[in-house]
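# Analysis of the macromolecular model
If you want the building blocks of each chain, they are given just below.
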Amino acid sequence: MKRTLYWMTKDLRINDNAAFNLANQAETLLCVFVVDKQWFEASNFQSKHLGNARWKFLQGCLDDLDQQLKALGQQLYIVYGDSLTTLCQLCDKYQITDFISTRLPGTYENRLISQFREKHPQISVNLVEQFTLFCEKSLPFELENLPESFSKFRKILPETSSIDLQPVIEFLPNKFESLPEMSNFKPSWLPVIAFNNKQGAKFNGGEQSGLKHLQQYFASTLPSNYKQVRNSLAGWENSSKLSAWLSYGCISARQVVNYIKQYELLSGKNSSTECLYLEILWREYFQWLHFKVGTKIYQFKGISEQKPLTTYYAERFNKWCFSNTPSSLINACMNELRLTGYLSNRGRQIVASYLVNELGIDWRYGAAWFEERLIDYDAAVNWGNWQYIAGVGANPRGGRHFNIEKQSEIFDPDRVYQTAWTENIETSRCQTLDSVDASDWPIQAKHNNGN
(Lines give C-alpha, C1' and ligand atoms only; values in the text may rest on other atoms or scores of the structure.)
Protein backbone atom coordinates (compact mmCIF):
# COMPACT_ATOMS: atom_id res chain seq x y z
CA MET A 1 0.00 0.00 0.00
CA LYS A 2 1.28 3.45 -0.94
CA ARG A 3 0.97 5.66 2.12
CA THR A 4 1.88 9.23 1.20
CA LEU A 5 2.71 12.31 3.26
CA TYR A 6 2.49 15.62 1.39
CA TRP A 7 4.45 18.32 3.23
CA MET A 8 2.85 21.56 2.10
CA THR A 9 4.96 24.72 2.20
CA LYS A 10 4.76 27.40 -0.52
CA ASP A 11 2.08 25.56 -2.54
CA LEU A 12 -1.10 26.35 -0.62
CA ARG A 13 -3.56 25.78 -3.46
CA ILE A 14 -5.70 23.10 -5.07
CA ASN A 15 -5.57 24.29 -8.68
CA ASP A 16 -2.47 23.84 -10.84
CA ASN A 17 -0.84 21.73 -8.14
CA ALA A 18 1.24 18.91 -9.62
CA ALA A 19 1.96 17.50 -6.16
CA PHE A 20 -1.73 16.69 -5.67
CA ASN A 21 -1.82 14.90 -9.01
CA LEU A 22 1.14 12.83 -7.87
CA ALA A 23 -0.49 12.22 -4.49
CA ASN A 24 -3.56 10.83 -6.24
CA GLN A 25 -1.57 7.66 -6.87
CA ALA A 26 -1.60 6.88 -3.14
CA GLU A 27 -4.11 4.73 -1.29
CA THR A 28 -3.87 6.92 1.81
CA LEU A 29 -2.78 10.55 1.98
CA LEU A 30 -1.70 12.82 4.82
CA CYS A 31 -1.52 16.57 4.00
CA VAL A 32 0.68 18.34 6.55
CA PHE A 33 1.67 21.93 7.22
CA VAL A 34 4.21 22.53 10.00
CA VAL A 35 4.21 25.85 11.86
CA ASP A 36 7.79 25.96 13.05
CA LYS A 37 8.66 27.58 16.38
CA GLN A 38 11.88 29.11 15.04
CA TRP A 39 9.92 31.26 12.59
CA PHE A 40 8.91 33.46 15.53
CA GLU A 41 12.37 33.72 17.07
CA ALA A 42 14.93 36.43 16.32
CA SER A 43 17.54 35.66 13.66
CA ASN A 44 21.21 36.62 13.77
CA PHE A 45 20.13 40.02 12.45
CA GLN A 46 17.69 40.72 15.33
CA SER A 47 14.50 40.35 13.26
CA LYS A 48 12.07 37.43 13.30
CA HIS A 49 11.64 35.18 10.30
CA LEU A 50 7.86 35.68 10.41
CA GLY A 51 6.12 38.81 11.65
CA ASN A 52 2.50 39.42 12.63
CA ALA A 53 1.37 40.72 9.24
CA ARG A 54 2.48 37.66 7.30
CA TRP A 55 1.42 35.31 10.10
CA LYS A 56 -2.12 36.65 9.82
CA PHE A 57 -2.01 36.23 6.03
CA LEU A 58 -0.66 32.68 6.38
CA GLN A 59 -3.46 31.73 8.77
CA GLY A 60 -5.94 32.82 6.11
CA CYS A 61 -4.10 30.66 3.56
CA LEU A 62 -4.28 27.61 5.83
CA ASP A 63 -7.95 28.10 6.69
CA ASP A 64 -8.86 28.43 3.02
CA LEU A 65 -6.84 25.36 2.03
CA ASP A 66 -8.34 23.21 4.78
CA GLN A 67 -11.83 24.24 3.68
CA GLN A 68 -11.11 23.21 0.08
CA LEU A 69 -9.46 19.93 1.10
CA LYS A 70 -12.48 18.95 3.17
CA ALA A 71 -14.65 19.36 0.08
CA LEU A 72 -12.39 16.76 -1.58
CA GLY A 73 -12.58 14.30 1.31
CA GLN A 74 -9.29 15.38 2.86
CA GLN A 75 -8.08 17.76 5.57
CA LEU A 76 -5.02 19.85 6.29
CA TYR A 77 -3.19 18.57 9.35
CA ILE A 78 -1.48 21.59 10.97
CA VAL A 79 1.28 20.74 13.43
CA TYR A 80 3.21 23.13 15.67
CA GLY A 81 6.86 22.46 16.44
CA ASP A 82 10.19 21.63 14.85
CA SER A 83 9.70 20.76 11.17
CA LEU A 84 12.17 17.89 10.84
CA THR A 85 11.22 16.23 14.13
CA THR A 86 7.51 16.51 13.35
CA LEU A 87 7.78 15.10 9.84
CA CYS A 88 9.94 12.18 10.99
CA GLN A 89 7.53 11.35 13.81
CA LEU A 90 4.53 11.40 11.48
CA CYS A 91 6.30 9.18 8.95
CA ASP A 92 7.12 6.65 11.67
CA LYS A 93 3.67 6.74 13.22
CA TYR A 94 1.77 6.26 9.96
CA GLN A 95 4.30 4.03 8.19
CA ILE A 96 4.71 6.45 5.31
CA THR A 97 6.11 4.99 2.07
CA ASP A 98 6.15 8.15 -0.08
CA PHE A 99 7.02 11.74 0.80
CA ILE A 100 5.99 14.61 -1.49
CA SER A 101 6.83 18.29 -1.31
CA THR A 102 7.40 21.24 -3.63
CA ARG A 103 10.98 21.93 -4.61
CA LEU A 104 12.01 25.31 -3.20
CA PRO A 105 15.25 27.30 -3.53
CA GLY A 106 15.43 27.98 0.21
CA THR A 107 18.55 26.59 1.88
CA TYR A 108 16.58 25.75 5.05
CA GLU A 109 14.10 23.60 3.15
CA ASN A 110 16.80 21.85 1.15
CA ARG A 111 18.86 21.11 4.24
CA LEU A 112 15.77 19.70 5.94
CA ILE A 113 15.03 17.43 2.96
CA SER A 114 18.62 16.14 3.01
CA GLN A 115 18.37 15.40 6.73
CA PHE A 116 15.02 13.70 6.23
CA ARG A 117 16.46 11.45 3.52
CA GLU A 118 19.28 10.43 5.85
CA LYS A 119 16.85 9.50 8.62
CA HIS A 120 14.38 7.72 6.29
CA PRO A 121 16.30 6.21 3.37
CA GLN A 122 13.50 3.69 2.80
CA ILE A 123 10.94 6.41 1.97
CA SER A 124 10.60 7.58 -1.62
CA VAL A 125 11.04 11.37 -1.71
CA ASN A 126 9.47 13.31 -4.59
CA LEU A 127 10.19 17.05 -4.97
CA VAL A 128 7.79 18.66 -7.43
CA GLU A 129 8.93 21.65 -9.48
CA GLN A 130 6.02 24.08 -9.35
CA PHE A 131 7.14 27.14 -7.40
CA THR A 132 8.87 28.48 -10.51
CA LEU A 133 7.52 29.25 -13.97
CA PHE A 134 9.93 26.85 -15.66
CA CYS A 135 11.27 23.45 -14.64
CA GLU A 136 15.04 23.19 -14.46
CA LYS A 137 15.20 20.78 -17.39
CA SER A 138 13.26 23.24 -19.58
CA LEU A 139 15.79 26.04 -19.04
CA PRO A 140 17.97 26.69 -22.15
CA PHE A 141 21.15 26.32 -20.05
CA GLU A 142 22.58 24.25 -17.22
CA LEU A 143 21.92 25.77 -13.81
CA GLU A 144 25.63 26.40 -13.18
CA ASN A 145 25.61 28.48 -16.38
CA LEU A 146 22.81 30.79 -15.22
CA PRO A 147 23.54 34.22 -16.79
CA GLU A 148 25.15 36.71 -14.44
CA SER A 149 22.51 39.37 -15.15
CA PHE A 150 18.76 39.46 -15.62
CA SER A 151 18.99 41.10 -19.04
CA LYS A 152 21.04 38.19 -20.38
CA PHE A 153 18.71 35.71 -18.69
CA ARG A 154 15.52 37.01 -20.28
CA LYS A 155 17.03 37.33 -23.75
CA ILE A 156 17.82 33.61 -24.02
CA LEU A 157 14.52 32.34 -22.61
CA PRO A 158 12.12 30.76 -25.10
CA GLU A 159 9.09 32.78 -26.20
CA THR A 160 6.18 31.89 -23.94
CA SER A 161 2.56 31.75 -25.01
CA SER A 162 -0.08 29.99 -22.94
CA ILE A 163 1.10 27.31 -20.52
CA ASP A 164 -0.62 24.01 -19.80
CA LEU A 165 -1.85 23.86 -16.21
CA GLN A 166 -2.28 20.80 -14.05
CA PRO A 167 -5.65 18.98 -14.28
CA VAL A 168 -8.29 20.04 -11.76
CA ILE A 169 -8.44 17.79 -8.70
CA GLU A 170 -11.93 16.37 -8.15
CA PHE A 171 -11.15 14.04 -5.24
CA LEU A 172 -8.16 12.95 -3.16
CA PRO A 173 -7.14 9.61 -1.59
CA ASN A 174 -8.46 8.63 1.81
CA LYS A 175 -7.00 10.32 4.86
CA PHE A 176 -5.58 8.45 7.83
CA GLU A 177 -8.45 7.57 10.16
CA SER A 178 -6.35 7.80 13.32
CA LEU A 179 -5.58 11.49 12.83
CA PRO A 180 -6.66 13.61 15.79
CA GLU A 181 -9.38 16.11 15.09
CA MET A 182 -8.29 19.67 14.51
CA SER A 183 -8.61 21.66 17.73
CA ASN A 184 -8.31 25.26 18.85
CA PHE A 185 -5.14 24.46 20.80
CA LYS A 186 -2.30 26.83 20.04
CA PRO A 187 1.15 26.68 21.68
CA SER A 188 2.19 29.52 23.95
CA TRP A 189 4.99 30.65 21.64
CA LEU A 190 2.61 31.76 18.88
CA PRO A 191 2.13 35.55 18.55
CA VAL A 192 -0.85 36.79 20.51
CA ILE A 193 -0.94 40.32 19.08
CA ALA A 194 -3.42 40.51 16.20
CA PHE A 195 -2.32 42.42 13.12
CA ASN A 196 -5.23 44.64 12.17
CA ASN A 197 -5.18 47.68 9.92
CA LYS A 198 -7.51 48.89 7.21
CA GLN A 199 -4.90 49.41 4.52
CA GLY A 200 -3.45 45.94 4.86
CA ALA A 201 -6.82 44.20 5.03
CA LYS A 202 -7.06 43.74 1.25
CA PHE A 203 -4.41 41.03 1.45
CA ASN A 204 -6.66 38.19 2.54
CA GLY A 205 -4.79 34.93 2.64
CA GLY A 206 -5.87 31.90 0.61
CA GLU A 207 -6.23 30.54 -2.89
CA GLN A 208 -9.81 31.73 -3.32
CA SER A 209 -8.88 35.32 -2.45
CA GLY A 210 -5.81 35.11 -4.69
CA LEU A 211 -7.77 33.82 -7.68
CA LYS A 212 -10.47 36.44 -7.13
CA HIS A 213 -7.89 39.23 -7.14
CA LEU A 214 -6.13 37.75 -10.18
CA GLN A 215 -9.40 37.62 -12.11
CA GLN A 216 -10.48 41.12 -11.08
CA TYR A 217 -7.15 42.67 -12.01
CA PHE A 218 -7.14 41.21 -15.52
CA ALA A 219 -10.85 41.93 -15.99
CA SER A 220 -9.99 45.63 -15.68
CA THR A 221 -7.94 47.92 -17.94
CA LEU A 222 -5.19 48.23 -15.32
CA PRO A 223 -2.73 45.85 -17.07
CA SER A 224 -2.70 48.17 -20.10
CA ASN A 225 -1.46 51.07 -17.94
CA TYR A 226 0.86 49.22 -15.58
CA LYS A 227 4.08 50.74 -16.91
CA GLN A 228 2.87 54.29 -16.33
CA VAL A 229 2.00 53.76 -12.66
CA ARG A 230 4.30 50.96 -11.45
CA ASN A 231 6.77 53.38 -9.82
CA SER A 232 4.12 55.17 -7.78
CA LEU A 233 4.67 55.18 -4.04
CA ALA A 234 1.02 54.66 -3.13
CA GLY A 235 -2.23 53.31 -4.53
CA TRP A 236 -3.75 49.83 -4.51
CA GLU A 237 -4.19 49.86 -8.29
CA ASN A 238 -0.66 51.00 -9.13
CA SER A 239 0.70 47.44 -9.23
CA SER A 240 -0.78 43.99 -9.67
CA LYS A 241 -0.50 43.21 -5.90
CA LEU A 242 -0.17 39.50 -6.75
CA SER A 243 3.09 38.97 -4.88
CA ALA A 244 1.62 37.93 -1.52
CA TRP A 245 -0.41 35.10 -3.05
CA LEU A 246 2.52 34.06 -5.24
CA SER A 247 4.84 33.91 -2.24
CA TYR A 248 2.77 31.21 -0.53
CA GLY A 249 1.79 29.49 -3.75
CA CYS A 250 -1.91 30.36 -3.43
CA ILE A 251 -1.62 31.09 -7.15
CA SER A 252 1.12 29.91 -9.48
CA ALA A 253 3.42 31.87 -11.78
CA ARG A 254 2.02 29.77 -14.63
CA GLN A 255 -1.51 30.93 -13.87
CA VAL A 256 -0.39 34.57 -13.86
CA VAL A 257 1.40 34.21 -17.20
CA ASN A 258 -1.69 32.62 -18.73
CA TYR A 259 -3.78 35.57 -17.58
CA ILE A 260 -1.26 37.99 -19.08
CA LYS A 261 -1.26 36.17 -22.43
CA GLN A 262 -5.06 35.89 -22.49
CA TYR A 263 -5.37 39.59 -21.69
CA GLU A 264 -3.03 40.43 -24.57
CA LEU A 265 -5.17 38.36 -26.95
CA LEU A 266 -8.35 40.15 -25.92
CA SER A 267 -7.13 43.69 -25.19
CA GLY A 268 -3.87 43.97 -27.08
CA LYS A 269 -0.22 43.68 -26.19
CA ASN A 270 1.70 46.82 -25.21
CA SER A 271 4.70 47.90 -23.16
CA SER A 272 2.68 47.63 -19.94
CA THR A 273 1.65 44.01 -20.45
CA GLU A 274 5.24 43.25 -21.42
CA CYS A 275 6.37 44.85 -18.15
CA LEU A 276 4.00 42.61 -16.20
CA TYR A 277 5.53 39.57 -17.85
CA LEU A 278 9.02 40.87 -17.12
CA GLU A 279 8.08 41.12 -13.43
CA ILE A 280 7.34 37.39 -13.45
CA LEU A 281 10.66 36.76 -15.17
CA TRP A 282 12.48 38.85 -12.53
CA ARG A 283 10.90 36.64 -9.88
CA GLU A 284 11.96 33.61 -11.89
CA TYR A 285 15.53 34.82 -12.22
CA PHE A 286 15.94 35.33 -8.49
CA GLN A 287 14.56 31.82 -7.78
CA TRP A 288 17.11 30.16 -10.07
CA LEU A 289 19.88 32.41 -8.75
CA HIS A 290 19.01 31.16 -5.25
CA PHE A 291 19.04 27.56 -6.48
CA LYS A 292 22.47 28.16 -8.00
CA VAL A 293 24.28 30.06 -5.23
CA GLY A 294 22.59 28.55 -2.16
CA THR A 295 23.73 30.12 1.10
CA LYS A 296 25.63 32.88 -0.73
CA ILE A 297 22.28 34.65 -1.09
CA TYR A 298 22.51 35.41 2.67
CA GLN A 299 26.24 36.14 2.96
CA PHE A 300 27.72 39.61 3.50
CA LYS A 301 29.66 39.69 0.23
CA GLY A 302 26.86 37.92 -1.59
CA ILE A 303 27.95 36.53 -4.93
CA SER A 304 30.63 39.19 -5.45
CA GLU A 305 34.34 38.84 -4.89
CA GLN A 306 34.67 41.44 -2.13
CA LYS A 307 32.74 42.67 0.88
CA PRO A 308 30.84 45.98 0.71
CA LEU A 309 31.97 48.97 2.74
CA THR A 310 29.22 48.90 5.33
CA THR A 311 29.06 48.13 9.04
CA TYR A 312 26.44 48.08 11.79
CA TYR A 313 25.27 51.09 13.79
CA ALA A 314 22.59 50.00 16.25
CA GLU A 315 21.16 53.49 16.73
CA ARG A 316 20.96 54.21 13.00
CA PHE A 317 19.35 50.87 12.26
CA ASN A 318 16.74 51.38 14.96
CA LYS A 319 15.92 54.86 13.62
CA TRP A 320 15.54 53.43 10.11
CA CYS A 321 13.24 50.63 11.31
CA PHE A 322 11.01 52.89 13.36
CA SER A 323 10.81 55.94 11.09
CA ASN A 324 13.00 58.33 13.02
CA THR A 325 15.51 59.46 10.40
CA PRO A 326 16.15 63.01 9.12
CA SER A 327 14.34 62.07 5.87
CA SER A 328 10.57 62.49 5.72
CA LEU A 329 10.34 60.20 2.69
CA ILE A 330 12.20 57.39 4.42
CA ASN A 331 10.07 57.78 7.54
CA ALA A 332 6.89 57.63 5.48
CA CYS A 333 7.98 54.47 3.66
CA MET A 334 9.05 52.73 6.84
CA ASN A 335 5.80 53.66 8.57
CA GLU A 336 3.79 52.13 5.76
CA LEU A 337 5.87 48.96 5.86
CA ARG A 338 5.64 48.58 9.62
CA LEU A 339 1.93 49.38 9.89
CA THR A 340 0.59 47.54 6.83
CA GLY A 341 3.11 44.85 5.90
CA TYR A 342 3.43 46.30 2.43
CA LEU A 343 5.61 48.81 0.59
CA SER A 344 5.76 49.68 -3.10
CA ASN A 345 8.67 48.42 -5.18
CA ARG A 346 9.95 51.97 -5.59
CA GLY A 347 9.69 52.54 -1.84
CA ARG A 348 11.63 49.34 -1.13
CA GLN A 349 14.47 50.43 -3.39
CA ILE A 350 14.61 53.90 -1.85
CA VAL A 351 14.77 52.74 1.79
CA ALA A 352 17.25 49.98 0.94
CA SER A 353 19.57 52.46 -0.78
CA TYR A 354 19.26 54.82 2.19
CA LEU A 355 20.19 52.10 4.70
CA VAL A 356 23.21 50.95 2.70
CA ASN A 357 24.51 54.21 1.24
CA GLU A 358 23.45 56.97 3.63
CA LEU A 359 23.50 55.07 6.93
CA GLY A 360 26.39 52.75 6.01
CA ILE A 361 24.73 49.69 7.54
CA ASP A 362 25.22 46.02 6.71
CA TRP A 363 22.55 45.29 4.09
CA ARG A 364 21.62 41.96 5.70
CA TYR A 365 19.97 43.72 8.64
CA GLY A 366 17.64 45.50 6.22
CA ALA A 367 16.89 42.28 4.35
CA ALA A 368 16.06 40.53 7.63
CA TRP A 369 13.78 43.42 8.71
CA PHE A 370 11.92 43.08 5.41
CA GLU A 371 11.68 39.33 5.98
CA GLU A 372 9.89 39.92 9.26
CA ARG A 373 7.64 42.73 8.11
CA LEU A 374 6.58 42.01 4.51
CA ILE A 375 3.34 40.17 3.83
CA ASP A 376 4.68 39.17 0.40
CA TYR A 377 8.14 38.08 1.58
CA ASP A 378 9.89 35.71 -0.83
CA ALA A 379 13.38 34.60 0.22
CA ALA A 380 14.97 34.61 -3.24
CA VAL A 381 13.36 37.88 -4.34
CA ASN A 382 13.95 39.74 -1.08
CA TRP A 383 17.58 38.78 -0.48
CA GLY A 384 18.38 38.92 -4.19
CA ASN A 385 17.03 42.46 -4.46
CA TRP A 386 18.92 43.60 -1.35
CA GLN A 387 22.13 42.20 -2.82
CA TYR A 388 21.32 44.06 -6.02
CA ILE A 389 21.04 47.38 -4.16
CA ALA A 390 24.13 46.71 -2.04
CA GLY A 391 26.25 45.93 -5.09
CA VAL A 392 27.03 42.32 -4.10
CA GLY A 393 24.49 40.57 -6.29
CA ALA A 394 23.37 40.18 -9.89
CA ASN A 395 23.95 43.81 -10.84
CA PRO A 396 26.62 44.61 -13.44
CA ARG A 397 26.42 48.30 -12.47
CA GLY A 398 27.70 47.59 -8.97
CA GLY A 399 24.73 48.57 -6.78
CA ARG A 400 22.12 51.31 -6.74
CA HIS A 401 22.50 54.65 -4.98
CA PHE A 402 19.39 56.83 -5.01
CA ASN A 403 19.37 60.56 -4.37
CA ILE A 404 16.60 60.68 -1.76
CA GLU A 405 15.65 64.32 -2.33
CA LYS A 406 15.41 63.72 -6.07
CA GLN A 407 13.26 60.63 -5.51
CA SER A 408 10.95 62.74 -3.38
CA GLU A 409 10.69 65.43 -6.06
CA ILE A 410 9.93 62.89 -8.79
CA PHE A 411 7.57 60.51 -7.01
CA ASP A 412 6.03 62.69 -4.29
CA PRO A 413 6.37 66.31 -5.49
CA ASP A 414 3.36 67.54 -3.50
CA ARG A 415 4.33 65.46 -0.45
CA VAL A 416 0.97 63.72 -0.44
CA TYR A 417 2.48 60.35 0.35
CA GLN A 418 4.81 61.73 3.03
CA THR A 419 1.98 63.61 4.70
CA ALA A 420 -0.28 60.54 4.70
CA TRP A 421 2.36 58.38 6.37
CA THR A 422 3.95 60.79 8.82
CA GLU A 423 1.14 62.98 10.16
CA ASN A 424 -0.83 61.63 13.13
CA ILE A 425 1.57 58.70 13.44
CA GLU A 426 3.52 58.32 16.66
CA THR A 427 7.01 58.73 15.25
CA SER A 428 9.29 61.73 15.24
CA ARG A 429 11.73 63.08 12.69
CA CYS A 430 15.18 63.44 14.17
CA GLN A 431 17.61 66.07 12.96
CA THR A 432 20.75 63.98 13.38
CA LEU A 433 21.44 60.31 12.88
CA ASP A 434 23.81 59.80 15.79
CA SER A 435 23.75 60.69 19.47
CA VAL A 436 26.83 58.53 20.12
CA ASP A 437 29.90 57.76 18.06
CA ALA A 438 31.21 54.36 17.00
CA SER A 439 32.66 53.83 20.50
CA ASP A 440 29.35 54.71 22.17
CA TRP A 441 30.63 58.07 23.43
CA PRO A 442 27.99 60.83 23.47
CA ILE A 443 28.55 63.11 20.48
CA GLN A 444 27.73 66.32 22.37
CA ALA A 445 30.00 65.43 25.26
CA LYS A 446 32.98 65.00 22.96
CA HIS A 447 32.33 68.41 21.39
CA ASN A 448 32.21 70.02 24.83
CA ASN A 449 35.61 68.57 25.65
CA GLY A 450 37.15 69.95 22.52
CA ASN A 451 37.25 66.59 20.79
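Remember, it's a predicted structure, so these values are computed and weren't measured experimentally.

## Some remarks on the packing of helix α12 (residues 328–340) against helix α13 (residues 345–358)
Running from N to C, α12 and α13 cross one another at 120°; their axes reach a closest spacing of 10 Å. Between α12 and α13, the crossing angle belongs to the class labelled oblique. Every pair of crossing elements has a handedness; the one defined by α12 and α13 is left-handed. For the pair α12 and α13, contact is made by Leu-329, Ile-330, Cys-333 and Met-334 and by Gly-347, Ile-350, Val-351 and Tyr-354, respectively. Tallied by class, the residues present in the contact of α12 with α13 amount to seven nonpolar, one polar and no charged.

## A look at the pattern of salt bridges
Under the counting rule described, the total for this entry stands at twelve salt bridges. The salt bridge involving Glu-136 is made with Arg-103; its shortest N-O contact spans 2.9 Å. You can see Glu-136 sitting in the loop between β5 (124–128) and α5 (150–155) and its partner Arg-103 sitting in the loop between β4 (98–102) and α4 (107–119), a full 33 residues away along the chain. Using a relative accessible area of 25% as the deciding quantity, one classes Glu-136 as partly exposed. Residues Glu-372 and Arg-373 are paired through a salt bridge, measuring 3.7 Å at the closest nitrogen-oxygen approach. For Glu-372, a relative accessible area of 11% translates into the label buried. Salt bridges here are not isolated pairs; linked through shared partners, they connect Arg-103, Glu-129 and Glu-136.

## Concerning the nonpolar core
In this structure, Leu-58 and Trp-320 are the most contacted members of the largest nonpolar core, which totals 116 residues. The biggest single contributor to this core is helix α10 (residues 271–293), with eleven residues. What Trp-320 contacts, discounting residues up to four positions off in sequence, is Thr-325, Ile-330, Met-334, Val-351, Tyr-354, Leu-355, Leu-359, Gly-366, Trp-369, Phe-370 and Trp-386. With 22 residues, the next largest nonpolar core counts Leu-87, Cys-88, Ile-96 and Phe-116 among its residues.

## Details of the packing of α13 against helix α15 (residues 379–390)
Put simply, α13 and α15 touch, their axes get as near as 9 Å, and they point 55° apart. If you check the angle between α13 and α15, you find them oblique. For the crossing formed where α13 meets α15, the hand is right-handed. Contacts from Gln-349, Ala-352, Ser-353, Leu-355 and Val-356 of α13 reach α15 at Trp-386, Ile-389 and Ala-390.

## Notes on the sheet that holds strand β1 (residues 3–7)
The parallel open sheet is built from five strands, whose spatial order is β3-β2-β1-β4-β5. Taken across any chain shown, the strands that pair with only one partner, and hence form the sheet edges, are β3 (76–80) and β5. Direction aside, neighbouring strands of the sheet carry axes that sit 25° apart on average. As paired strands, β1 and β4 are joined by four bridges and run parallel to one another. By the bridge assignment for β4, Thr-4 is matched with Asp-98.

## Re the packing of aromatic side chains
Under the counting rule described, the total for this entry stands at 38 aromatic pairs. On the basis of an interplanar angle of 50° and a centroid distance of 5.0 Å, the ring pair of Tyr-94 and Phe-176 is categorised as tilted. Of this pair, Tyr-94 sits in the loop between α3 (83–93) and β4 while Phe-176 is found in the loop between α5 and α6 (207–219), placing the two residues 82 residues apart along the sequence. Of the two residues, Tyr-94 and Phe-176, both sit in the buried class. Here the aromatic cluster, defined as three or more aromatic residues joined through ring pairs, consists of Phe-45, Tyr-298, Tyr-312, Phe-317, Trp-320, Trp-363, Tyr-365, Phe-370, Trp-383 and Trp-386. Residue placement shows Arg-103 over the ring face of Phe-291; its charged tip is 4.2 Å from the ring centre. Looking at Lys-261, its charged tip hangs above the ring of Tyr-277, at a distance of 4.3 Å from the centre.

## Considering unusual backbone geometry
Even without being glycine, Gln-46 reaches a positive phi, approximately 80°. Note on placement: Gln-46 falls in the loop between β2 (28–35) and α2 (52–71). By relative accessible area, which is 48% here, Gln-46 ends up partly exposed. The phi torsion at Arg-415 lies on the positive side, around 60°, for a residue other than glycine.

## Considering the pairing of β3
Counting buried residues along β3, four of its five residues qualify, which places the element largely inside the surrounding structure. Pairing of β2 with β3, which is carried by five bridges, proceeds in the parallel orientation. For Val-32, the partnering residue across the bridge sits in β3 and is Tyr-77. Between β2 and its parallel partner β3, the chain crosses via α2, and the hand of that crossover is right-handed.

Conventions and cut-offs
Residues numbered from 1 in each chain as written. Predicted model: local features only at pLDDT ≥ 70, side-chain atom pairs only at ≥ 80, totals over all residues. Heavy atoms only, no water. Axes fitted to C-alpha atoms, helices over the stretch in contact; angles between N-to-C directions. Helix = DSSP H or I, 4+ residues; strand = E, 2+ residues; numbered from the N terminus. Parallel < 35°, antiparallel > 145°, perpendicular 65-115°, else oblique. Left-handed = near helix turned anticlockwise from the far one by under 90°. Contact = heavy atoms within 4.5 Å. Nonpolar A, V, L, I, M, F, W, Y, C, P; charged D, E, K, R; others polar. Salt bridge = Lys/Arg side-chain N within 4 Å of Asp/Glu carboxyl O. Buried < 20%, exposed > 50% of the residue type's maximum accessible area, 1.4 Å probe, protein only. Core = buried A, V, L, I, M, F, W, Y, C linked by side-chain atoms within 4.5 Å. Pairing = 2+ DSSP bridges. Phe/Tyr/Trp six-rings, centres within 6.5 Å; stacked < 30°, edge-to-face > 60°. Lys NZ or Arg CZ within 6 Å of the ring centre and 35° of its normal. Right-handed = clockwise from strand over helix to strand, strands pointing away.

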